[in-house]
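For reference, the chains in residue letters:
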Amino acid sequence: MSAVALEGRVILESPAPSFEPECAETMAREYFGIDGRAEPLGSERDQNFSILSSSGARFVLKISNPAEDPRAVEFENAALQHVAAVSPAVPVPRLRPTLSGSSVARHRDDDGKLYLVRLITWLAGVPLRQVKVSGALRRQLAVTLADLGRSLRGFFHPAAAKPLLWDMQQVADLAGLLPHIGDEALRESCAGFVSHFGREIRPALARLRSQVIYNDLNPSNVLVSVGPAQRVTGIVDFGDMVHGPLVCDVAVGAAYQLGGGEDPLAGAAEFVAAYHREVPLEPEELELLPDLIAARLVMTVAITSWRAARHPGNREYILRNAAAAADGLRRLAELGPDGARDRLLAACPPVPIAPAPPASAPEDTGALVRRRDALLGPAYRLFYRNPLHAVRGEGVWLYDADGRAYLDAYNNVPLVGHSHPQVVAALAAQAATLNTHTRYLHRAVLDYAERLLSKFPASLDRVMFGCTGTEANDLALRIARATTGHCGVIATAWAYHGNSATVAQVSPSYASGEAREDWVELIPAPDTYRRPTGTDDAALCAHWLAELDAAIDRLTVRGIRPAALILDAGFTSDGMFLPPPGLLQGAADRIRDAGGLYIADEVQSGFGRFGKSLWGFELHGVEPDVVTLGKPIGNGHPLSATVIRSTLLDRFAEGTRYFNTFAGNPVSVAVGLAVLDVFEREDLLENSRSVGAYLHEQLRSTAADFDVIGDVRGLGLFAGVELVKDSRGREWATGLAAEVVNGMRERGVLISMIGPQTNVLKIRPPLPFGREHVDQLIATLRDSLQAAVS
């Protein structure tokens with residue numbers, strides 16, 4: 001048995017707490033302020049009591065097993081709170097806080113042993129195992145599980161990776177428990193399946209979509225109403241939650257819907273089909289489902305047989321599902337794997353993920369383009385030769401009008417993933433409550449300002465809000481001019497900082513055809529690829545800083561002093577260059593010596609994009625005077641920020657004031673707070689670092705096989721791949737880049753291209769991007785490169 005499985009056994013080996021009802025009543029009163037009568041409830045490893053208060057309200061007092069890791073209890077509490085916030089209609093218990101405001105009380109018995117105690121709301125109804133399940137109730141049960149899964153989709157907690165014997169991914173580690181199965185034929189059957197699972201099934205699970213799953217939809221954990229109109233009234237006991245393949249959640253529920261008669265899979269098929277209509281299962285998930293159902297049945301037989309031997313006093317409760325599980329295994333064996341698979345596949349025809357378009361879809365796309373041109377005009381541009389008609393986004397995926405999924409490896413704006421449920425819920429809840437502006441007091445804008453400023457050096461201690469990166473940069477330039485008394489601005493030759501009249505002047509990549517004002521100076525980006533042969537980092541820095549000095553001198557000759565140097569730490573639009581150490585600090589020193597400010601535009605390169613630091617400027621140990629942030633801080637919602645030193649802002653406020661009707665409104669800051677919550681809870685900075693390292697490793701491996709890849713650069717989930725006609729001559733391959741980008745779009749992966757010659761592939765996905773997504777990206781890149789160069 002593996003170390004993980006052994007560790008997961010500890011909690012199940014430990015006997016459940018055994019407090020008397022009088023002690024439970026004391027806990028309810030002293031910790032939660034509830035006077036009531038306690039009655040014992042069944043439980044496998046904890047101890048539960050119903051508490052009927054003197055006012056008639058009913059609760060459940062949960063006393064955790066002393067062997068339980070406190071982080072696991074925190075995980076359960078966080079999940080319940082998340083579901084309540086995101087999907088209040090999902091019938092799960094609500095936590096009642098302690099008198100001190102905590103979600104858990106800490107109780108020590110006479111021997112000093114610690115128990116964690118919680119009080120949750122009572123959900124009306126009877127356990128599903130006590131009623132005859134109708135088809136309508138079975139379908140509603142599947143819909144409820146789908147709703148619960150959707151509400152958990154954006155949730156994560158470090159304890160989700162806890163060792164758990166009931167984790168289906170660990171079935172192959174149960175061999176040590178099989179001797180406790182008394183029936184020899186059943187024991188041998190389970191042993192054969194455990195071996196099969198380890199060889200064939202467990203390796204396939206790594207390819208499936210995963211999230212935190214409930215993992216325990218058994219008839220004792222589902223409450224239903226009493227009477228002819230059966231309905232699900234509650235889902236209880238979240239102690240077996242784990243991060244795992246989503247389809248495992250379905251398999252657990254389906255395992256308890258097997259029946260007798262000529263078609264033992266009828267109930268399970270009906271359950272799976274109802275779930276499939278709500279959350280379409282992918283082909284590989286459906287292919288594995290019969291084995292996963294069997295896995296749950298084997299787990300039930302093996303674990304409960306072992307548990308019953310360890311705890312004979314609780315034998316009846318522990319073995320309550322064992323006989324049905326053994327019978328289900330026999331019936332599945334009679335059907336055979338192909339028969340079970342065919343039965344479930346027949347019940348689950350393909351479900352369009354997005355509404356299917358009319359039969360004239362190609363003409364409709366053309367009509368949309370013509371309508372767009374007529375209404376929006378020619379200044380707007382579309383990506384790709386075959387424009388993408390996106391109708392839905394989820395995580396790192398976009399879906400077109402035909403329901404086809406596209407892996408999004410381009411869009412940095414949905415930082416924590418498209419349509420993240422926690423962000424959407426925060427937006428909707430606040431929009432339904434209040435949305436005004438910053439001329440009224442509102443606590444949330446202050447809470448958000450404090451949270452955001454805590455991510456910056458102490459010298460950057462004030463923040464002003466806007467709606468876009470353009471607004472943030474426009475305000476930054478206004479402040480720079482007002483506080484320095486100068487008007488000159490220096491930027492790089494192919495930068496993009498926004499599209500207002502002022503900011504467009506320092507955004508040559510998008511406004512290259514506009515006349516440049518005399519207060520603007522542009523300098524080349526520090527090209528780490530086309531540096532002269534033999535030039536080291538120090539020489540490159542010296543050369544680039546000389547370019548900056550020359551730009552300051554050119555402004556001076558025209559009688560203009562610089563107010564600001566504005567730089568993106570990743571030089572994204574210039575071609576995605578990471579400057580060598582010392583360059584940004586040298587730039588900041590020079591612009592300050594000339595009387596200007598250093599503005600760090602972190603819209604594209606900030607907020608964990610590089611993986612090693614939260615902000616791009618932090619990589620270089622430099623502190624800007626002003627930092628600008630754009631819509632990624634709102635996951636695409638119109639939210640931006642200008643973070644600044646208070647000394648500068650105070651001087652700015654002496655001569656003017658700032659107001660922006662939509663900026664910093666309650667809805668926007670609710671979204672901003674939710675993005676910070678998700679970013680921290682899902683540890684997206686670490687994901688950017690680890691997955692980004694894998695991405696760059698795979699890109700470099702690909703470069704070794706394709707001579708047209710001249711350079712791979714970047715850091716974290718920020719990568720530029722420069723295409724050339726050959727790696728020796730380094731001649732730009734603009735046409736090839738366009739072929740690759742369009743080829744990848746046709747193969748279902750979205751990237752773009754950047755740089756003055758548009759020959760650099762721009763890879764900059766949402767931060768939840770995983771290793772499996774990297775694998776798909778690389779495979780598609782290889783196929784598209786091969787097709788383009790052939």
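Note that the structure is a prediction, hence the values are computed from the model and not measured. (Residues numbered from 1 in each chain as written. Predicted model: local features only at pLDDT ≥ 70, side-chain atom pairs only at ≥ 80, totals over all residues. Heavy atoms only, no water.)

**Notes on the pairing of strand β19 (residues 597-601)**
Worth spelling out the cut-off: Relative accessibility decides the category of a residue: with a 1.4 Å probe and only protein chains considered, values under 20% of the type maximum give buried, values over 50% give exposed, and everything between is partly exposed. Labels follow the DSSP assignment, with helices taken as runs of H or I lasting at least four residues and strands as runs of E lasting at least two, numbered in each case from the N terminus. Whether two strands pair depends on DSSP finding at least two bridges between them.
Across the five residues that make up β19, a large majority, five, are buried. Burial along β19 is two-sided: the face carrying L597, I599 and D601 and the face carrying Y598 and A600 are both buried. Pairing of strand β18 (residues 562-567) with β19 involves four bridges; the strand directions are parallel. The residue bridging I566 from the neighbouring strand is I599, located in β19.

**Observations regarding a nonpolar patch on the surface**
Convention followed: Excluding any residue in a salt bridge, patches collect residues exceeding 30% relative accessible area, merging like charges within 9 Å and nonpolar Val, Leu, Ile, Met, Phe, Trp and Tyr side chains within 5 Å. Surface exposure here means Shrake-Rupley accessible area, sampled with a 1.4 Å probe, where a residue is shielded only by the protein chains that are shown. Whenever Lys or Arg places a side-chain nitrogen within 4 Å of a carboxyl oxygen from Asp or Glu, that contact is recorded as a salt bridge.
Residues L375, L376 and Y380 make up a contiguous nonpolar surface patch of roughly 350 Å² in combined accessible area. Among the structural elements, L375 can be located in helix α11 (residues 361-376). On the accessibility criterion, L375 (64% relative accessible area) is exposed.

**Details of the packing of aromatic side chains**
The line we're drawing: Paired rings are identified among Phe, Tyr and Trp, the last through its six-membered ring, by centres lying within 6.5 Å, and are further divided according to the angle between planes into stacked (under 30 degrees), edge-to-face (over 60) and tilted (the rest). Ring-over charges, as used throughout, are those where CZ of Arg or NZ of Lys falls within 6 Å of the ring centre and within 35 degrees of the ring normal.
Counted under the stated rule, the structure contains 14 aromatic pairs. Relative to F465, the ring of Y448 has its centre 5.5 Å away and its plane inclined at 20°; by these criteria the two rings are stacked. Remark: F465 occurs in strand β15 (residues 462-466) and Y448 occurs in helix α13 (residues 443-453); sequence separation between them is 17 residues. Summarising the burial analysis for this pair, Y448 and F465 share the class buried. Note on F607 and F679: the rings are 4.8 Å apart at their centroids and 55° apart in plane angle, and the pair reads as tilted. Taken together, the residues F607 in the loop between β19 and β20 (626-629) and F679 in helix α18 (residues 666-681) connect sequence positions 72 residues apart. In terms of burial, F607 and F679 fall into one category: buried. The rings of F456, F607, W615, F617 and F679 are connected pair by pair, giving a single aromatic cluster. Between the NZ or CZ atom of R58 and the centre of the ring of W122, over which it lies, the distance is 4.9 Å. One Lys or Arg, R771, reaches over the ring of Y694 and ends 3.8 Å from the middle of that ring.

**So, the sheet that holds β18**
Formally: Here the axes come from fitting lines to C-alpha atoms, over the contacting stretch only for helices, and the angles between their N-to-C directions go from 0 to 180 degrees. Any two residues having at least one pair of non-hydrogen atoms within 4.5 Å are treated as being in contact.
Pairing is mixed across the open sheet formed by seven strands, whose spatial order is β15-β21-β20-β19-β18-β16-β17. Taken across any chain shown, the strands that pair with only one partner, and hence form the sheet edges, are β15 and β17 (520-523). Strand-to-strand twist in this sheet, taken as the mean axis angle between neighbours without regard to direction, amounts to 20°. Along the sheet, helix α15 (residues 537-557) makes contact with β16 (488-492), β17 and β18, crossing β17 at roughly 160°. Contacts between helix α17 (residues 646-655) and the sheet are confined to β15, β19 and β21 (640-644), with β15 contributing the most and set at about 60° to the helix.

**Things to note about the confidence of the model for the protein chain**
The following threshold applies: As a per-residue measure, pLDDT tells how confident the predictor is, with possible values from 0 to 100.
In the predicted model, the protein chain carries a mean pLDDT of 90, and the fraction of residues at 70 or more is 96%. Overall, residues 1-8 carries pLDDT values under 50, and its contacts beyond four positions in sequence, including any with other chains, amount to 15 contacts. A low-confidence stretch, residues 352-363 (pLDDT under 50), is modelled with 13 contacts involving residues beyond four sequence positions or located in other chains.

**Structural notes on the sheet that holds strand β12 (residues 390-394)**
Taken in spatial order, the four strands make up an open sheet running β12-β13-β14-β24, and their pairing is mixed. Edge positions in the open sheet fall to β12 and β24 (749-750), since each of these has one partner strand only. Strand direction decides the pairing type here: strand β14 (residues 405-408) and β24, joined by two bridges, are parallel. Opposite L407, over in β24, you have V749 as the bridge partner.

**With respect to the environment of A449**
In this fold, A449 is placed in helix α13. Take A449: its relative accessible area is 14%, and that puts it in the buried class. Here the alpha-carbon distance between A449 and S225, two residues 224 residues apart in the chain, equals 46 Å. Beyond its immediate chain neighbours, meaning those up to four positions away, A449 contacts V463 and F465.

**A closer look at the nonpolar core**
We count it as follows: The set of buried Ala, Val, Leu, Ile, Met, Phe, Trp, Tyr and Cys residues whose side-chain atoms join them within 4.5 Å is what this entry labels a nonpolar core.
Judged by nonpolar contacts, the single largest core of 124 residues is most densely connected at F465, L723 and L777. For this core, the leading source of residues is α18, giving eight residues. Sequence-distant contacts of F465, defined by excluding residues within four places in its chain, comprise V445, Y448, A449, L452, L639, S640, A641, Y658, A663 and G664. The next biggest cluster of nonpolar side chains, apart from the first, holds 91 residues, and it includes L95, L137, F238 and Y275.

**Some details on the pairing of β15**
Counting buried residues in β15 gives four out of five residues, a clear majority hidden from the surface. Relative to β21, β15 is paired through five bridges, and the arrangement is antiparallel. What sits directly across from G466, in β21, is S640.

**Here we look at the side chain of E76**
Within the secondary structure layout, E76 lies in helix α3 (residues 70-86). Judged by relative accessible area, which is 6%, E76 ranks as buried. With sequence-adjacent residues up to four places away left out, E76 is seen in contact with R118, F238, G239 and M241.

**Quick notes on unusual backbone geometry**
The phi angle at Y384 is positive, at roughly 75°, despite the residue not being glycine. With respect to the element layout, Y384 can be found in the loop between α11 and β12. When its relative accessible area of 14% is taken as the criterion, Y384 is described as buried. The residue F607 is not glycine, and still its phi comes out positive at about 60°. The buried category is assigned to F607, whose relative accessible area is 3%.

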